[in-house]
Amino acid sequence: MQVVSSFVEQLPKAELHVHIEGTFEPELMFEIGSRNHVDLPYNSVAELRAAYNFRDLQEFLDIYYAGTSVLLHPQDFYDLTWAYCQRAAAQQVRHTEIFFDAQAHTERGVSFETALDGIDQALADARTKLGLSTKLIMCFLRHLPADSAQKTLESAARHRDRIVGVGLDSSEKGYPPHLFEDVFAQASQMGFATVAHAGEEGPPEYVWEALDKLKVSRIDHGNRAMEDDALVERLVADQMPLTVCPLSNLRLQGVTDMRAHPLRKMMQRGLKVTVNSDDPAYFGGYVNENYAAVQDALELTNDELVQLARNSFEASFISEDERAKHIAALSSYA
Ligand code: ADE
Ligand code: ZN
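Our subject in this report is the structure included herewith. (Residues numbered from 1 in each chain as written. Chains lettered and ligands numbered in written order. Predicted model: local features only at pLDDT ≥ 70, side-chain atom pairs only at ≥ 80, totals over all residues. Heavy atoms only, no water.)

Time to look at the overall build of the protein chain. Across its full length, the protein chain holds 17 helices and eight strands. By its C-alpha atoms, the protein chain is 50 × 45 × 40 Å across when sized along the principal axes. In the protein chain, of all internal contacts separated by at least 6 residues, the share reaching a separation of at least 24 is 77%. Surface exposure of the protein chain reaches about 12,900 Å², of which carbon and sulfur atoms provide 48%. Across the protein chain, 30 positive and 50 negative side-chain charges occur, with their mean positions spaced 3 Å apart. (Helix = DSSP H or I, 4+ residues; strand = E, 2+ residues; numbered from the N terminus. Contact = heavy atoms within 4.5 Å. Areas by Shrake-Rupley, 256 points an atom, 1.4 Å probe, with all protein chains shown as cover. Lys, Arg positive; Asp, Glu negative; His and termini not counted. Charge placed at Lys NZ, Arg CZ, Asp CG, Glu CD.)

Our next topic: the side chain of Ser148. With respect to the element layout, Ser148 can be found in helix α8 (residues 146–157). Judged by relative accessible area, which is 16%, Ser148 ranks as buried. (Buried < 20%, exposed > 50% of the residue type's maximum accessible area, 1.4 Å probe, protein only.)

For the rest of this paragraph, the subject is the sheet that holds strand β8 (residues 272–275). Strands pair in a sheet through their backbones, by hydrogen bonds, and they do so in one of two ways: parallel or antiparallel. If you walk across this open sheet you meet the eight strands as β1-β2-β3-β4-β5-β6-β7-β8, and the pairing is parallel. The open sheet terminates on both sides in strands that have one partner only, identified here as β1 (13–19) and β8. Within this sheet the neighbouring strands show an average axis-to-axis angle of 25°, counted without direction. Pairing analysis gives six bridges linking strand β2 (residues 93–100) to strand β3 (residues 133–141), with the strands arranged parallel. Among the inter-strand pairings, Ile98 is bridged to a residue of β3, identified as Leu136. Those strands touched by helix α5 (residues 74–90) are β1 and β2, and its axis lies near 150° from that of β2. With respect to the sheet, helix α16 (residues 302–314) is in contact with β1, β2 and β8, its orientation differing from that of β8 by roughly 100°. (Pairing = 2+ DSSP bridges. Axes fitted to C-alpha atoms, helices over the stretch in contact; angles between N-to-C directions.)

Residues spaced three or four apart along an α-helix point in a common direction, a consequence of the helix completing one turn every 3.6 residues. In this model, helix α15 (residues 287–298) (12 residues) spans 16 Å end to end at C-alpha, consistent with the 16 Å of a helix rising 1.5 Å per residue. Buried residues dominate α15, accounting for 10 of its 12 residues. For α15, the set of buried residues is Val287, Asn288, Glu289, Asn290, Tyr291, Ala292, Ala293, Val294, Gln295 and Leu298. Just downstream of α15 lies Glu299, where phi reads positive at about 50°. (Expected span 1.5 Å × (residues − 1).)

Further remarks concern the coordination of the zinc ion (ligand 2). The protein atoms that coordinate the zinc ion (ligand 2) are His17 (NE2), His19 (NE2), His197 (NE2) and Asp278 (OD), at distances spanning 2.0 to 2.2 Å. Taken together, the four donor atoms surrounding the zinc ion (ligand 2) define angles of 84 to 174° at the centre, an arrangement classified as irregular. Here the donor residues for the zinc ion (ligand 2) map to a single chain with the spacing H-x1-H-x177-H-x80-D. Taken together, the positions of His197 in strand β5 (residues 193–198) and Asp278 in the loop between β8 and α14 (280–283) put the pair 81 residues apart, joining distant regions of the chain. Of the two residues examined, His197 and Asp278, each falls in the buried class. (Donors = N, O, S within 2.8 Å, 3.2 Å for Na, K, Ca; no water. Tetrahedral: all angles 85-135°; square planar, octahedral: opposite > 155°, others 65-115°.)

Moving on, we come to the packing of helix α10 (residues 204–212) against helix α11 (residues 229–238). Two elements in contact, α10 and α11, have axes whose closest approach is 10 Å; the angle formed by their N-to-C orientations is 35°. Of the two possible hands of crossing, α10 and α11 adopt the one that is left-handed. Contacts between α10 and α11 involve Pro204, Val207, Trp208, Leu211 and Asp212 on the former and, on the latter, Ala230, Leu231, Arg234 and Leu235. Its residues placed into classes, the contact of α10 with α11 shows seven nonpolar, no polar and two charged. (Left-handed = near helix turned anticlockwise from the far one by under 90°. Nonpolar A, V, L, I, M, F, W, Y, C, P; charged D, E, K, R; others polar.)

Okay, the nonpolar core next. Core analysis: the biggest nonpolar cluster contains 105 residues, and Phe100, Ile219, Leu235, Leu263 and Tyr282 have the highest contact counts within it. Excluding its chain neighbours within four sequence positions, the residues that come into contact with Tyr282 are Glu21, Gly22, Phe24, Met29, Tyr52, Phe54, Phe60, Ile63, Tyr64 and Arg251. (Core = buried A, V, L, I, M, F, W, Y, C linked by side-chain atoms within 4.5 Å.)

Next up on the list: the packing of α16 against helix α17 (residues 320–331). It is at 9 Å that the axes of α16 and α17 come closest, and there the two elements cross at 170°. With respect to their mutual orientation, α16 and α17 come out roughly antiparallel. Judged by residue contacts, Val306, Ala309, Arg310, Phe313 and Glu314 of α16 engage Arg323, His326, Ile327 and Leu330 from α17. Across the contact of α16 with α17, the residue classes tally to five nonpolar, one polar and three charged. (Parallel < 35°, antiparallel > 145°, perpendicular 65-115°, else oblique.)

Following this line, the structure appears as structure tokens:
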């Protein structure tokens, strides 16, 4: 397990890229499976963890979606979300923007509201009991057709007060962003913020499409943008935030060694990068372990760590007052 310095541990930060289904620790998965009488295709926590040996994004996603099969009732979604919020608050996460994959549940016959009600109640409790500020983003699964995304957007529209934005995730290669151009245009019209996974495994062209066709205000991952100088210049000029996930990139073989991770080069090029956990239960660490991994491997200075945390607040969907408050707290951190 990654050793976390007290500097990283105490650093106030926001997390902007975490899939709530990716925070499902095996122990809780077995507990919920058992109370719901749903069998997992593994005999034990150890056997399940041993399967976390992914060659690529798709191998991970197959296991990740299988894990959601035990989530049936609002209480299950509550328990999952509450467990994450407790960990985040303990890591000095002051604000978190959580993704959920509505279609991973509705496709199994679990209603949109079952998932939303459980997640939202835990987020409300996190605000009052943990002082953790939260927002919820619903991601469309890009391996499903655009008309499924369209129906899911109509469900989200009924809960505009509880969902701040929409995103795009799941299998990237072969599913370019332009397939979702109409759905994203409608989502924007409805007042949702928009973000999209792009350039995780997919080519720089997908990042261009996320910018020009989906008109997103953040790119999730974006690592492969570094292959295209004109794209880097565009991202820098727009100060487009990239929500980078170092341990995810390592575990999904985007990089073979953390010392080869592009994060530091991205910062040096002037990109507005943030550090996030993606699917912490599967990738060996929550947000602080991600900061620690790049701090060690790339020899980041304390100033660079503070810059990453500042970027996380600047790139978040909080109000200007909230942003000023968090950035002031960071200015007095040294
Ligand atoms: N869903 C959960 N984690 C994901 C990732 N890293 N990329 C795409 N979709 C995801
Ligand atoms: Zn992700």
